[in-house]
Amino acid sequence: MLVLGVETSCDETGLALVRTADGQARLLAESLASQTDIHAVFGGVVPEIASREHQRMLPPLLADLFAKTGLAAADIDAIAVARGPGLLGSLLVGLSFAKGLCLATGAALIGVNHLHAHLLAPGLEGPMRLPALGLLVSGGHTHIYRMDSPTRFTLLGRTLDDAAGEAFDKVAKLLNLPYPGGRYLDELSRGVQPDTALFPLAYVHNDNLDFSFSGLKTAVAEYLGKRHHLAYANMPDAQALRREGASSLSAHPEELALVAASFNHAVAETLRIKVERALDREKGLASLVVAGGVAANSHVRSSMAAVAQARGLAFSLPSPALCTDNAAMVARAGALALAAGYRHGLDLESVPRGRSVPTDWTHDPNLVVGDA
Ligand code: KG4
Ligand code: ZN
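Everything numeric here is computed off the predicted structure, so don't read it as measured data. (Residues numbered from 1 in each chain as written. Chains lettered and ligands numbered in written order. Predicted model: local features only at pLDDT ≥ 70, side-chain atom pairs only at ≥ 80, totals over all residues. Heavy atoms only, no water.)

## Brief notes about the overall build of the protein
Short version of the rule: A run of H or I in DSSP becomes a helix once it reaches four residues, and a run of E becomes a strand once it reaches two; helices and strands are each numbered from the N terminus. Note that the radius of gyration is over C-alpha atoms, with the globule rule given as 2.2 Å times the number of residues to the power 0.38. Note on contacts: a residue pair qualifies if any of its non-hydrogen atoms lie within 4.5 Å across the two residues. For accessible areas, the Shrake-Rupley method is used with a probe of radius 1.4 Å. Any residue's cover is judged against the shown protein chains and nothing else. This count recognises Lys and Arg as positive and Asp and Glu as negative, with His and chain-terminal groups excluded. Every charge is mapped onto a representative atom, which is NZ of Lys, CZ of Arg, CG of Asp or CD of Glu.
For the protein, the count of helices and strands is twelve helices and twelve strands. For 372 residues, the compact-globule estimate of 2.2 N^0.38 gives 21 Å, and the protein sits close to it at 21 Å. Taken along its principal axes, the extent of the C-alpha atoms in the protein is 60 × 45 × 30 Å. Across the protein, the fraction of contacts at a sequence separation of at least 24, relative to all contacts at a separation of at least 6, is 73%. Carbon and sulfur atoms make up 52% of the accessible area of the protein, which totals about 15,100 Å². Looking at charge distribution, the protein has the averaged site of its 31 positive side-chain charges lying 3 Å from that of its 37 negative ones.

See the structure below:
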């Protein structure tokens, strides 16, 4: 089965072609157009600009996919589209594009929960073992799930305010770094021992599985408020940061590195404490899965790998490029749902951030699309 994945939920326009056979999904090709440099100067994603960019980029990205693979629209068996949660206008562009292609080609349609797709991404690089505990850490969400099957996720805990990635981006903004700044804080802290007493662990002295990062963000803001010299004098250009490195552009690299390392540590440690708590409670788990943009963070990656190893669990973590938004994960999640007999009609609706994604698909085990 050939599945086209469509991702337009935030500021990355992504298309990917995945071929499924014998229960495995193989990525044939993907095309991704990142809008981050366009939004960077605004300090966050501007929804209207994001929608227009998706609209502009989808047709050339599709042509690029066909050129790379020698395939054509008529070869596509199904289209998997991220239907939420995300920016409503951006999602609508992706959904309309997917529905139009379905109408034109007769391909089956499946709407995919963007968050579930993140957690299924590691399956593109190796086998995943379920049931699993899934930690999704992205710019908009910090969720802990129990994953019983590719279509059965139970939410166990979530952030009550800022998402982990949001905390990273807000701290980066205080330092005058361009949006999204999480990766620069990670980069600045590489190889530096954190001061574990510098910032508090947020919302861990309770017995629940929820998160709150706003207290940590405020603590860092207060700390930096008394040390204005640590912020970059002028916002460095994203390309200059990539070329020269965040450290070499800072006037006080060593002091800044300690702040970055201590903040990274506080986030990673908070995530670890709640994940360990969830692992203590959930029975019969085979693996730990960590995904989403913040799963690209080096502190989070090593701390979660250690947790899985100590508990004798298999560990699934996508390579950094598959942690951030991409269409390959959407294609894989859709292929798995289709193979289990799920389908959506052309009345599929998008779901904005803040609303939970309904399981409004039709299920007919006899109408299985594909063989995954
Ligand atoms: O999953 P994602 O690409 O988009 C959403 O669905 O939100 O996640 C983006 C988030 C941003 O907040 C970004 O700053 C953060 O992931 N991020 C990182 C790193 N790479 C991306 N945060 C910390 N360390 C990183 N290396
Ligand atoms: Zn995402």
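The structure having been displayed, the exposition proceeds.
## Notes on the site of ligand 1
To be explicit about the condition: Any residue with a non-hydrogen atom lying within 4 Å of a molecule or strand is treated as near it. Think of a polar contact as two N or O atoms within 3.5 Å of one another; within protein, one of them needs to be a possible hydrogen donor and the other a possible acceptor, and neighboring residues in sequence only count if both atoms come from side chains. Residues are grouped as follows: Ala, Val, Leu, Ile, Met, Phe, Trp, Tyr, Cys and Pro are nonpolar; Asp, Glu, Lys and Arg are charged; every other residue, Gly included, is polar.
Close to ligand 1 lie 20 residues; G139, D169, D186, G293 and N297 are nearest. Within the side chain of N297, one N or O atom sits 3.0 Å away from a nitrogen atom of ligand 1. A distance of 3.0 Å is found between an oxygen atom of ligand 1 and a backbone nitrogen or oxygen belonging to D325. Isolated, ligand 1 exposes 550 Å² of accessible area, and the fraction of that covered by the protein chains is 89%. Listed by contribution, the elements that provide at least two residues to the shell around ligand 1 are α4 (114-120), α5 (164-174) and α6 (182-189). Its residues placed into classes, the shell around ligand 1 shows five nonpolar, eleven polar and four charged.

## Considering the coordination of the zinc ion (ligand 2)
For clarity, the threshold we go by: Metal donors were taken as nitrogen, oxygen and sulfur atoms no farther than 2.8 Å from the ion, or 3.2 Å where the ion is Na, K or Ca. Water is excluded, so coordination may look unfinished. Irregular is the default label, applied whenever a site is not tetrahedral (four donors, all angles between 85 and 135 degrees) and neither square planar nor octahedral (four or six donors, opposite donors over 155 degrees apart, all other angles between 65 and 115). For each residue, the accessible area found with a 1.4 Å probe, counting protein chains only, is set against the maximum for its type, and the residue is called buried under 20%, exposed over 50%, and partly exposed in between.
Looking at the metal site, the zinc ion (ligand 2) is ligated by H114 (NE2), H118 (NE2) and D325 (OD), spaced 2.0 to 2.1 Å from it. For the zinc ion (ligand 2), the four donor atoms in the first shell make angles of 93 to 146° at the metal, a pattern classed as irregular. Read in sequence order, the donor residues for the zinc ion (ligand 2) give the motif H-x3-H-x206-D. With H114 and H118 both in helix α4, this residue pair falls four residues apart, about one helical turn. Residue H114 is classed as buried on the basis of its relative accessible area, which comes to 6%. Residue class for H118 comes out buried when judged on its relative accessible area of 1%.

## Considerations on the sheet that holds strand β4 (residues 78-84)
Keep this limit in mind: Whether two strands pair comes down to DSSP finding at least two bridges between them. For every element, the axis is a line fit to its C-alpha atoms; helices are fit only across the contacting stretch, and the angle between N-to-C directions ranges from 0 to 180 degrees.
Ordered in space as β3-β2-β1-β4-β5, the five strands form an open sheet in which the pairing is mixed. With one partner strand each, in any of the chains shown, β3 (24-34) and β5 (108-113) form the two edges of the open sheet. Taking each pair of neighbouring strands and ignoring which way they run, the sheet shows an average axis angle of 20°. With six bridges connecting them, strand β1 (residues 2-7) and strand β2 (residues 12-21) associate as antiparallel partners. From the neighbouring strand, V6 faces β2, where its bridge partner is L15. Contacting β1, β2, β4 and β5, helix α3 (residues 88-105) runs over the sheet at an angle of about 160° to β4. Across the sheet, helix α12 (residues 327-339) lies against β1, β2, β3, β4 and β5, angled at about 130° from β1, the strand it touches most.

## Considerations on the environment of I76
Counting through the fold element by element, I76 comes out in the loop between α2 (47-69) and β4. Given the relative accessible area of 5%, I76 is considered buried. The sequence separation of I76 and G111 amounts to 35 residues, and the corresponding C-alpha distance is 16 Å. Ignoring anything within four residues of it in the chain, the contact list for I76 reads L2, L4, L17, F66 and A107.

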